[in-house]
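# Understanding the architecture of this molecule
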Amino acid sequence: MNNNNRKFKPSYWHNPGARPLTPLTLGQVIDLAAEQWGDKEAVVSLYQGQRFTFREARDKADEVAAGLLQLGLNPGDRLAIWGPNSIEWYICRLAAARGGFIAVQLDPAYQAPQLMFSLNKAEVKAIISSEFYKTNSCYEILRTVIPELDSCPESGVKLQAAKVPTLETLILMGDKQYRGAYRLSDVMASAKPEFLQKIKDLQTLIQPDEGCSIQFSSGTTGTPKGVLLSHHNVVNTIYSWFSDKKIGFHNSKMPAITQFCHASGCQGVIFTGLGNGNTCLIPAPVFEPRKMLEAIIQEKCNTVLGTPALYVDMIAAAREHGLKPTSLQAALCGGAPCSLQLFEDIKKVLNVKNVILGYGMTEAVAIFLPVPDGPKDHTIVGRVAPHTEVKVVNKEGRMVPMGTPGQLCVRGYSVMLGYWNDEEKTREYMGRDGWAKTGDEFVLEEGGWGRIVGRIKDVIIRIGDKIFPAEMEDFFMEHPDVMEVEVLGVPDPRVGEEICVYLRVREEANLTEDDIRNYCKDKIPEYRVPRYIRFVKKFERTVIGKIQKFRLLEQLKKELGLPD
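Residues numbered from 1 in each chain as written. Predicted model: local features only at pLDDT ≥ 70, side-chain atom pairs only at ≥ 80, totals over all residues. Heavy atoms only, no water.

### Description of the overall build of the chain
Counting its secondary structure elements, the chain contains 17 helices and 30 strands. Radius of gyration (C-alpha) of the chain: 24 Å, near the 24 Å computed for a compact globule of 564 residues. Taken along its principal axes, the extent of the C-alpha atoms in the chain is 75 × 55 × 50 Å. By the burial criterion, 59% of the 564 residues in the chain qualify as buried. Considering only contacts in the chain between residues 6 or more positions apart, those separated by 24 or more positions represent 70%. (Helix = DSSP H or I, 4+ residues; strand = E, 2+ residues; numbered from the N terminus. Rg over C-alpha atoms; globule rule 2.2 N^0.38 Å. Buried < 20%, exposed > 50% of the residue type's maximum accessible area, 1.4 Å probe, protein only. Contact = heavy atoms within 4.5 Å.)

Below, the structure is given as structure tokens:
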């Protein structure tokens, strides 16, 4: 073996974990929570004025699940839950777990085309819907997808929907009676003792490797795909998250900042709460920065979990309204790169003792997890999760040397079962060897620490120079008047790609394009100064606050007259 081979250390890390994986199902986790923390509050909805203990939450979920069995649902059937954060959403998600139904967690912002696509893609048999999302009537959207509702009787019936042929049952969460729909309260009240007993019996029959949820990917880069997760995926994820008690996420009170339909809202708040004795706090149906801060202060929340964009809004609200929490012990930030400025602002403005970073995705929620005694570096997104393997590879799929950028691949319990009804996309994402390709450019460091560089597809190549948007975004975030920034590449026939920066700045700042160019002068190479500079009042976001970069690119191409 030559000296070069001896020096080469591949970018690979395996964390075997200190505790074994568990074969529990989500329904069994709910039972354990009811036994261990029975009279402690499991969920508190401030805007609805309702509070349920762990035992009450389990029992109400069983009523919903039993009522669904009576309506003809069977374990393995797809049950869609559609609406903003509410105590009903929480209970219905627990009910899906208890009944062995696969919960299809839908974005509450969906309009008729997205709703119809998702219902058909997942072959949904029943949907439980809220009455409203913001100013939208969910029922009116449902009437577009199911026009047969107009000829239905006043109460619930078995549907025959031409546009969604698998859909048989519609349930509304409110008190109002709608044509063709059951009321959730009536479904619960109708639960017969023999069906309640069936739900209890199911807890020893449902298998951990069976599907438990379909979550549609966040759609920052195009059409969402239905990610199928198993009980084994989710249960072991919730016991892995915050497994180190030094972080302070045990027996805590955590507000729901993101929507429940997303992994951070469902796994990160609802089910992690059940596994660790945390109280789930629902300040409002949708994220409102001021209400969120007021709820954190009122309820003395000690932990919080959110994306960078949502923290930016909370920091702005805290400054504007003079709100400063005093109880926050830990804040987890994930879902997108966190700039150094934001990292420091979370600590100072929100008065958080410990800001920690993590990394995962809808297809594999837990990949790098926060470690309290890890490096104090905002670019480090944690350490490889227990029972997880990662490697960093080049374009040919070969491992690069430790400390060298490349695509991150992951293998382990948290990787999804696959994309629902999409074998081709599943094969693209993960091979027969189980390695899943994240699409993210990463650097793996000794000790299993991960450093995210950016999305591989987002890398800008200008006259052969590789420019990572995350690095540029960090640079612009150092400007005192910049609140948010998004950098992307624009096709150019001469140089390959030009750089465009979108900036959201403080209202009182009257920044111009020349101001931004002057800011760049003598700080970055001239060829990295953006050719296109755009200012926005707000960014179009996904349900968890991620900026939809592909929308920005579509808009800019149209403005510049470039082909799609």
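What follows picks up the thread again.
### Some details on the pattern of salt bridges
Under the criterion given, the structure shown has 36 salt bridges. Of the charged contacts in the structure, one is a salt bridge between Arg179 and Glu154, with a shortest N-O distance of 3.3 Å. On the criterion of sequence distance, the pair formed by Arg179 in the loop between strand E9 (169-172) and strand E10 (182-183) and Glu154 in the loop between helix H6 (138-145) and E9 is long-range, its members being 25 residues apart. A relative accessible area of 35% means that Arg179 is categorised as partly exposed. When the shortest N-O distance is used, the salt bridge between Lys549 and Asp458 registers 3.6 Å. (Salt bridge = Lys/Arg side-chain N within 4 Å of Asp/Glu carboxyl O.)

### Quick word on helix H2 (residues 26-36)
Taken as a whole, H2 has its buried residues at Leu26, Gly27, Val29, Ile30, Asp31, Ala33 and Ala34. Turning to H2, the residues buried within the fold contact helix H3 (54-70), helix H4 (87-99), strand E11 (211-216), helix H9 (231-240) and helix H10 (263-276).

### What to know about the pairing of strand E12 (residues 226-230)
Counting buried residues in E12 gives five out of five residues, a clear majority hidden from the surface. Burial along E12 is two-sided: Gly226, Leu228 and Ser230 and Val227 and Leu229, pointing in opposite directions, are all buried. With five bridges joining them, E11 and E12 adopt antiparallel strand pairing. Within the sheet, the bridge partner assigned to Ile214 lies in E12 and is Leu228. Pairing of E12 with strand E23 (residues 418-419) involves two bridges; the strand directions are antiparallel. What sits directly across from Leu228, in E23, is Gly418. (Pairing = 2+ DSSP bridges.)

### Notes on the sheet that holds strand E17 (residues 354-357)
Sheet architecture is open: three strands sit in the order E15-E16-E17, paired in parallel fashion. The sheet terminates laterally at strand E15 (303-306) and E17, the two strands that pair on one side only. On average, each strand axis in the sheet is tilted by 15° relative to the strand beside it, whichever way the strands run. (Axes fitted to C-alpha atoms, helices over the stretch in contact; angles between N-to-C directions.)

### Regarding the nonpolar core
Grouped together as the largest cluster of nonpolar side chains are 93 residues, with contacts concentrated most on Tyr90, Leu274 and Phe368. Per-element accounting of this core gives the leading share, nine residues, to H4. (Core = buried A, V, L, I, M, F, W, Y, C linked by side-chain atoms within 4.5 Å.)

### With respect to the packing of H2 against H4
H4 packs onto H2 with a crossing angle of 115° between their chain directions and a minimal axis gap of 7 Å. Contacts between H2 and H4 involve Leu26, Gly27, Ile30 and Asp31 from the former and Arg93, Leu94, Ala97 and Arg98 from the latter. Residues of the contact of H2 with H4, tallied by class, amount to four nonpolar, one polar and three charged. (Nonpolar A, V, L, I, M, F, W, Y, C, P; charged D, E, K, R; others polar.)

### As for unusual backbone geometry
Positive phi is not limited to glycine here, since His387 has a value of about 60°. Take His387: it is sitting in the loop between strand E20 (380-384) and strand E21 (388-393). The residue Asn421 is not glycine, and still its phi comes out positive at about 55°. As for its position among the elements, Asn421 is in the loop between E23 and helix H14 (423-429). Of the residues examined, Asn421 reaches a relative accessible area of 48% and is grouped as partly exposed.

### What about the packing of aromatic side chains?
A complete count under the given rule lists 10 aromatic pairs for this structure. Plain terms: the ring middles of Phe475 and Tyr519 are 5.1 Å apart, the flat faces sit at 35° to each other, and that makes the pair tilted. One end of the pair, Phe475, is in helix H15 (residues 469-477); the other, Tyr519, is in helix H16 (residues 513-520), and 44 residues separate them in sequence. Looking at Phe475, the relative accessible area reads 11%, which means it is buried. Grouping aromatic residues by their ring pairs yields a cluster made of Tyr359, Phe368 and Phe442. Taking NZ or CZ as reference, Lys225 lies 5.4 Å from the ring centre of Tyr419, over its face. (Phe/Tyr/Trp six-rings, centres within 6.5 Å; stacked < 30°, edge-to-face > 60°. Lys NZ or Arg CZ within 6 Å of the ring centre and 35° of its normal.)

### Remarks on the environment of Gly76
By the secondary structure assignment, Gly76 is in the loop between H3 and strand E4 (78-82). Considered as a pair, Gly76 and Val187 are 111 residues apart in the sequence and their alpha carbons are 19 Å apart. With sequence-adjacent residues up to four places away left out, Gly76 is seen in contact with Gly100, Phe101 and Ile102.

### Focus on the sheet that holds strand E29 (residues 496-505)
Here we have three strands laid out as an open sheet, ordered E28-E29-E30, and mixed in their pairing. Two strands lie at the open edges of the sheet, namely strand E28 (482-492) and strand E30 (532-535), each paired on one side alone. With direction set aside, neighbouring strand axes in the sheet form an average angle of 20°. As paired elements, E29 and E30 share four bridges and run parallel to each other. Note on E30: the bridge partner recorded for Leu503 is Phe535. Running over the sheet, H15 touches E28 and E29 and is turned about 140° from E28.

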